Each structure stands twice: as structure tokens, then as C-alpha cells.
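Working through the structure, step by step
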Amino acid sequence: MFSNYIKIAWRNLWKHKVFAVILIFGMAIAFTAALLLSLTAYHELSYDQFHTNKKHLYQLYFDEQKDASSSMAIPVAPALKAEYADVKYITRYGSTAHGMVRYNNKEMDLNVRAVDPDFLRMFTFPITAGNDKTPLHDLNNLVITEHCAQVLFDKEDPLGKTVEMRAGDTWEPFTVTAVAKDFPNNSSFTFDILARFEHFPAYKELQNVWDSENHEVFVQLQDNVQQAAFEKRLFPFINKYYADKLSSMKRDGAQPDKEGQLLRLRTIPFADIHFRGESGTGAGVSKFYPYLLLIISGFILFIACVNFVNLSLARSFTRSKEIGIRKVMGALRWQLISQFWGEALIVSGLALIAGLGMAYLLLPYYKQVFYQAMSADMLRSPRLIAYILGGFLLITLFAGGYPAWMVSAFKTIETVKGKLPVGRSNRVRNTLMVVQFVLSSLLIICTLIVWQQINYLRTKPLGYNKQQVISLPVGATMDPEKALSLMRDRLAEEPRIVSVTATDMNMGRGRDGSSSTSMMGFDYKNKGIKTHWLRIDYDYLKTMGIQLLSGRDFSRSYGMDTAGVLINETMAKQLGEKDPLTAVLPLDGSQLRVLGVVKDFHFKSLHRELAPLTMVVRPNWPVSYLFIRVQPGNLPASMEVIQKAWKEVNPKAPFLASFLDENTDRTYNKETRLSKIFMSGAILAILISCMGLFAIALLAILQRTKEIGIRKVLGASVPHIVGLVSRDFLLLVLVAIVIASPIAWYAMHNWLQSFYYRIGISWWVFVLAGVIAVLIAFITLSFQSVKAALRNPVNSLRSE
């Protein structure tokens, strides 16, 4: 019997090819979009979940009520381990001064991380070869990844081999004691080589200094220790080692929290650091982001299911006599339900197969456009396969089961006569349609607001000229000061080059992906001062187009400029001097005189408020980037000139130059990605909703065929009939806009709070979204209503 139902279902689908194509195509698009969005959400939520001990792993950070920082002083970790039995393992984590690695005359710039021996006991990076018990026992031990072993040693056995790593101008020998499995692409930790933390920059000088914070600390608590209880037990630790800082905070008017603490040492569950802005290791992605993707995919699937229901009911008109005859011949209700649900199962199955195929083919393009790091291997995950099959069964049950139940409930006499009561009560149909367009309108409004904010971020004046400035990472292949000097000399005669300078911090996010800042505090006239510090070189203001408000710029003509600083307006206000040029700032035992005040410029993203900034020229503070201003016009030629010079000056280093306007755009990749996802979701939601609207219009016109024929005989015009058919549906679309608008306003208002500099939400956004939705709906309705209005009334009356 079941095989019979399959045959009948296949014949019916083949007979009504247009309906079948619309059904399968609509569901396939929905499955594809939902699958890709769900893969993204699954990937984001899977970050750092592979660690066996993740329930007991935490990252430490300081909470100063208004500020939060995960940077720690070097003695913090040893002191915690010595004084707290709650701590099972603890490790510091930072980048070493080493980066260039040499083996048999092969030099490579690799990602070397400094950690404590507990690191590999805490985190699940399995040792595949070598010492898996104490791989970092000695100071000169190294653990390398499988990928690093391949690129550095080729087919040689890396164990026991001696490699050299450069620190400054010297090369130091290290021994490879273990090979670790490559970290997965959902790991917040990334490294090629692990070295002992004793090789962290300035370790010896800072190992007993508590006010220099420059790395991160991770802790594994004992199994029976609760997070909140451990944080409370850290109060005495803060009072003991940060007494001077607490005194300064009290003096400056800081208010204690509800537990009486000015400064707290808190913990972030390691499984959450990918989503926490306080963590310098995580990506700072909002945890709402993956859930938003799941919500949008749910929207799209729901809209597709509603279309399936409406199209199935619309098609039932052509099968009324078939249903009636089956009932007369003794068909039971469950048999009719089985038949119609079987057809839905076939359609959904074909749509799912097509959707999986399209998702697989579109995955590379999707990853490129939406900046994703997913792999097609995720489609083989047993958990994901179970989700897909479970979701498929639920969708089929809803999309196919409801029409099957409705059709099987029709009265036998009416179905034999060809009269079906579908649509006489439009409450369910109208409700589904309103929900469809609420979701579609919601996505349209969100798309418009996100686009406005991104456009605002990209066009807002930043206080410096980002046009025609090229940022070039120096890397670790040679001394950065030497690289700067050689590049200055090499480009001095080039007519396309305006100026060359250097800094330790990039503007925006360059091709090397690095983003950093430096913040230090000091006492100035019995007042605590906190400022970002920026190492720059001569001609920085000229190269960047930064305005000097008072005083002078750094100049080679003055031998003592290394003992001077430039400050921005916000820093000048914090000092509170009538004339900031009289201020002398204490730093590391030195007295730094303020040489000039520059106009505020946005050296960080627009998510954050302008902050105090102090700029220095100090040779012992290495630069990391060269900034090169070029002449406007033929920018690719200027880039070629710089690339040629760089290859001559530093042939071993990669050329990762980029324009600053590109860097600032990359800073907002997360927002751009969100905008693209909203826009794609809105387009798909509108497309699928219009397919559903098409089905509803067809259903309504089929029911009103005789009425339309009579109106035409009585002289009704085509516009009148089009308006008659469209009016009720357009009213539902307007209702959907009214419902969607406050929901969209609330969601977008909260999203905009993550930006210090943001747009206001304008009323015209909701009007424009409404016009777009109504216009699209009217065009969709017109296809069927115009066709019905132009039909010969004789044929319309005869059809009844």
C-alpha cells in the first residue's frame, strides 16, 4: 500500500510540475540558508569546547568597575599557585621576543608563545611524539605543532633536534622535546611553538614588578572549587599585592562596589572567552551572534513551511474530485493523511537533498563573503547530522502534516462536487501571512539600520588622514630600527613617496591580523593618571596628517627629544594644567617633558570613547609597523615601488602591506558580516514570503472566480479587480510592518549600545521598510490578480 502512495504522489508531482518546482525550490533555498547559518552558529559555539578540563578552566582579569583588563603582572601566577590550594594548575600566556627560527640555514617567522609547564596539563593539545609527561621541563625545551614540524624539518624526525631562535641581535639554541597535535580552527589559542615563559620579553627585569601588566594568566581550579567562592577568596590577595594601587584609587575618588571592593580579580570560564571582550585571547564576539544566526535560520525555515502549507492547500483545489472519489470508495482518513503526508515527505526529501548539495557547493563562497573559518567536514559531524534529521522530520510534520489533516477532513459530498471549504475561515491563513511579513520586515529594518551604522563608521572623520598611507608590518626577520632606517634611505629618492615613519601600533587591522595597545598609569601631582602609550618615530604627524594644536613636533634637531612626549587633547584635560606644555611626566624613573599637544584622533575603533594618549620616540621601545605616505594617483604603482624596496631591504620577510583605509574597514568586519547576513536573510525571507503570497493569491482567486466574472460582466475595470484582490493582503502586510517596527527598534537600539559613536534610529527607516514590503507584495499579487482580471468572464462563469 505504501508503495502505491509513493507512485501516486510521484505522478501528482509530475503532473503539476510548476507547483512541484516552486515547492521544492522554495524549501531547498530555505534548507541551504538555514544549514549555512546553522553551521556558522555551530562553529562559533564550538570554540574551545574540545578541552577535556574546560569546566574547571578560567582566565583571570582585573575588574575596576568601569574598566576591565586581562593583562597581568609577571609575579601574579607564581604567587597565586604558592598561596592558594584552590589552584590545581596555572599558566602564563604571551608572545615571546623570539619569532625568527633557524634550522640548517632555513629561517622562518613563526608564532612562538611563552607558557608555563602547566599549560599542556591544563589544555587539550595532545602530544603525538616525544615527552608527553614533562615536555617543557628545562628552560631551553620547545614543543612544536605537527604543521611546524613539517615546514621546519620536512621529513626529518624533529625530536632532539636543536633549533635557534633570535632574540634581538643574538641567536639562542633550543631543543625540540615534543610534537603536539595541530590546534583546531575553533581554538582561541594559536601557536606554532611553545617555549618556557622565562623567555618572555623583559622577564628578568619584571619578574618581581607588580605594576607592569603585559600577558594573560589561566588557571585550573580543583574539582570541588566553585568559581564565585574562589573570586571572594582573592580579596586578601588584592589587598596584599595591590595596596599602593588601592590607595591611589581611593585618593582619586573611586567608589567601592556592593561588597566593598575597589579592585577585583575575577575569572572568565574558559569555554566563554571567545565571547568575552575582557579576554585578550578571545575574539570578543557577542554570544548573541550565533543565536541570532539560529533565529534567522528559524525565520527562513518557518516562512518556507508556511509557503508549503499554503501551496499545498492551493493545489488541493485541483484534486477535489480525486479526494471525493477516494472517500466514496472507502478510503479512511488516516489513509488520506498518509498519502498527502507522503507527498510532502517526498518534496521535503528532494528539497533537503538539493539543499545539502547547494550548501556544499556554496560553502567556499560563503566562507569568503562572510569571513568564516568553517570546514565541509562539519557536515559529517554525528551531532550535526542528528540535528539535521530531527529538524527535517519536524519541518515535514508541520509543513506536510497540517495540509494533509485539513484535506482529509473535507466532507465527502462537497469534495465529489469539487467544492472545498478551504479558505472560508481565513484566520489561520492570515495569521501565518502576517507572521511571515513580520519576520521579513524585521530583517529589512535591521538591514537598513546596520548598513547606516557601518556607513557612519566608515565615513566618520578619525582625526587623521587614512588615504594614501600604507601600513607595512616589520616582522621579526630583522631589527625594526634598522629596517626603518634602510627603508627611509631606499625610498628617499622615490618621487611617489611623501614621507616614511614608524610606530608600534597599527591603525585598524592590517593583513597580519595584529591588534594591540599599551596602557600605563602613574601619579602626577597626587593624582592618578592613566594613558595609552604609543611609540612613534619622526614624521609621524606629517605622515598621518594629525593636527598639532600647540607646542612642537618631535625633531631630529633636538638631541633630547627622546625625553619628551606628545599628548592628545584628552590627555591634556586629564593632566588639568592651564598650559600642558609645562607638564613633566614620570615614567620608569625618567622625567618626560610635554613637547606638544595634538588634536584628538581615533587610534582605536569607534566602539570605544576617545582615550588619553601619550606618544614617545624611544629607540629602546621597538617599532612594529612602517607607515608610508604616497602621492595620490596610481596607487598600485606606489605599492609596487614599496614592495620592491622591501624585498631589497628585507628579502626574508613577507610583504604584508595594506592601505590604512582598508585596515579601518577590516576593523568592522564583524559588523560588515552581520550586515551581509541580515541582507541575505532579508532577501531570502522576502523571496520565500512572496512565493507564499503567490500561493495565497492563487487560492483566493480560485475561490472568487465566479465573483470576478460577474463583476467584469457588470463593467468592473482591471484596476478595480486588481485592487479588490490585493486590498486585503496589502492590509495584512501593513499590519505586519506595524508589529515588526517596535521589535526591530528595540533590538537595534540595544545593538547600537555596543558603539560609543553611533547613529540615531530615524523614523524614515520604518517607513522605507514598509514601502519596500508593500511594493514587493503588490508586485507579487499583481501577477495573479491582473491575470484574473483580464480573463474572459464567460470562461470564469463557466468554470463554476
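The structure this text deals with has already been given above.
Let us look at the structure shown here. (Residues numbered from 1 in each chain as written. Predicted model: local features only at pLDDT ≥ 70, side-chain atom pairs only at ≥ 80, totals over all residues. Heavy atoms only, no water.)

With respect to the overall build of the chain
- Secondary structure assignment for the chain yields 25 helices and 25 strands.
- Within the span of the chain, comprising 800 residues, buried residues form 51% of the whole.
- Taking the contacts inside the chain whose residues are at least 6 apart along the sequence as the reference set, 81% of them involve residues at least 24 apart.
- Accessible surface for the chain amounts to roughly 36600 Å². Of this, 58% is attributable to carbon and sulfur atoms. (Helix = DSSP H or I, 4+ residues; strand = E, 2+ residues; numbered from the N terminus. Buried < 20%, exposed > 50% of the residue type's maximum accessible area, 1.4 Å probe, protein only. Contact = heavy atoms within 4.5 Å. Areas by Shrake-Rupley, 256 points an atom, 1.4 Å probe, with all protein chains shown as cover.)

Quick notes on the packing of aromatic side chains
- Enumeration over the complete set of coordinates arrives at 32 aromatic pairs.
- Geometrically, the ring pair formed by W751 and F755 is edge-to-face, given 5.2 Å between the ring centres and 70 degrees between the ring planes. Side by side, W751 and F755 carry an identical accessibility label, which is buried.
- An aromatic cluster is built from F50, Y93, F119, F123, F125, F183, F189, F191, F218 and F270, whose rings are joined through pairwise contacts.
- Of note, K245 hangs over the ring of F62, and the distance from its end group to the ring centre comes to 5.8 Å. (Phe/Tyr/Trp six-rings, centres within 6.5 Å; stacked < 30°, edge-to-face > 60°. Lys NZ or Arg CZ within 6 Å of the ring centre and 35° of its normal.)

Structural notes on empty space enclosed by the protein
- All chains considered together, the criterion is met by 3 cavities of 30 Å³ or more.
- Of the volumes computed, that of the second largest cavity is approximately 50 Å³.
- Taken together, I22, L23, G26, M27, A304, N307, F308, L311, I688 and M691 make up the lining of the second largest cavity.
- Within the residue set of the lining of the second largest cavity, elements represented by two or more residues are α2 (17–45), α10 (288–315) and α21 (669–703). (1 Å grid on protein atoms, 1.4 Å probe; cavity = no way out; pocket = protein on both sides within 12 Å on 5 of 7 lines; lining within 4 Å. Points joined across faces, edges and corners; volume = space filled by probe spheres on them.)

As for unusual backbone geometry
- One non-glycine residue, D154, lies in the positive phi region at around 60 degrees.
- Here D154 lies in the loop between α5 (146–153) and β10 (162–167).
- For Q468, which is not a glycine, the phi torsion comes out positive at approximately 60 degrees.
- Inspection of the secondary structure puts Q468 in the loop between α15 (427–459) and β15 (469–473).
- Of the residues examined, Q468 reaches a relative accessible area of 21% and is grouped as partly exposed.

Observations concerning the nonpolar core
- By size, the foremost hydrophobic cluster in this structure holds 92 residues, and its most contacted members are M507, Y540, M544, F601, M615 and F678.
- When residues of this core are assigned to their parent elements, the largest contribution, 13 residues, is made by α2.
- Membership of the second largest hydrophobic core comes to 27 residues, among which are Y58, L80, W210 and F230. (Core = buried A, V, L, I, M, F, W, Y, C linked by side-chain atoms within 4.5 Å.)

Brief notes about the sheet that holds strand β24 (residues 625–630)
- Strand order in the open sheet made by the 4 strands is β16-β24-β15-β25, with antiparallel pairing throughout. The outermost strands of the open sheet, each flanked by one partner alone, are β16 (497–503) and β25 (658–659).
- Alignment of β15 against β25, held across 2 bridges, turns out to be antiparallel. Across the sheet, the residue bridging to I470 is F659, located in β25. (Pairing = 2+ DSSP bridges.)

Quick look at the pattern of salt bridges
- Evaluated as defined, the whole model comprises 19 salt bridges.
- Between R196 and E198 there is a salt bridge, with its nearest N and O atoms 3.2 Å apart.
- Its relative accessible area of 11% is what places R196 among the buried residues.
- With a relative accessible area of 25%, E198 lands in the partly exposed category.
- For D257, the salt bridge identified is with R264, shortest N-O distance 3.5 Å.
- Given the relative accessible area of 21%, D257 is considered partly exposed.
- For R264, a relative accessible area of 7% gives the class buried. (Salt bridge = Lys/Arg side-chain N within 4 Å of Asp/Glu carboxyl O.)

Some points on the environment of A583
- By the secondary structure assignment, A583 is in the loop between α18 (569–575) and β21 (584–587).
- With residues up to four places along the chain from it excluded, the contact list for A583 reads Y524, L575, E577, L592, R593 and V594.

Here's the deal with a nonpolar patch on the surface
- On the surface, L731, L734, V735, I739 and I743 cluster together into a nonpolar patch covering about 420 Å² of accessible area.
- Locating L731 in the fold gives a position in helix α23 (residues 718–752).
- Overall, the relative accessible area of 53% leaves L731 in the exposed class. (Patch = residues over 30% accessible without salt bridge, like charges linked within 9 Å, V, L, I, M, F, W, Y side chains within 5 Å.)

Some words on helix α9 (residues 243–251)
- Looking only at α9, the buried set comprises L246, S248 and M249. On an axial view of α9, the arc spanned by its buried residues comes to 160 degrees, and they lie on one face. Away from its buried face by more than 90 degrees, α9 exposes D244 and K250. (Arc of directions from axis to C-beta.)

So, the side chain of T664
- Inspection of the secondary structure assignment puts T664 in helix α20 (residues 660–667).
- Relative accessible area serves as the criterion here: at 7%, T664 is assigned to the buried category.
- There is a polar contact of 2.9 Å between the side chain of T664 and the backbone oxygen of D661. (Polar contact = N/O pair within 3.5 Å; in protein donor to acceptor, adjacent residues only side chain to side chain.)

Thoughts on the side chain of K460
- With respect to the element layout, K460 can be found in the loop between α15 and β15.
- For K460, which is buried and forms no salt bridge, the nearest opposite charge comes from D600, at a distance of 11 Å.
- With residues up to four places along the chain from it excluded, the contact list for K460 reads H602, L606 and Y757. (Lys, Arg positive; Asp, Glu negative; His and termini not counted.)

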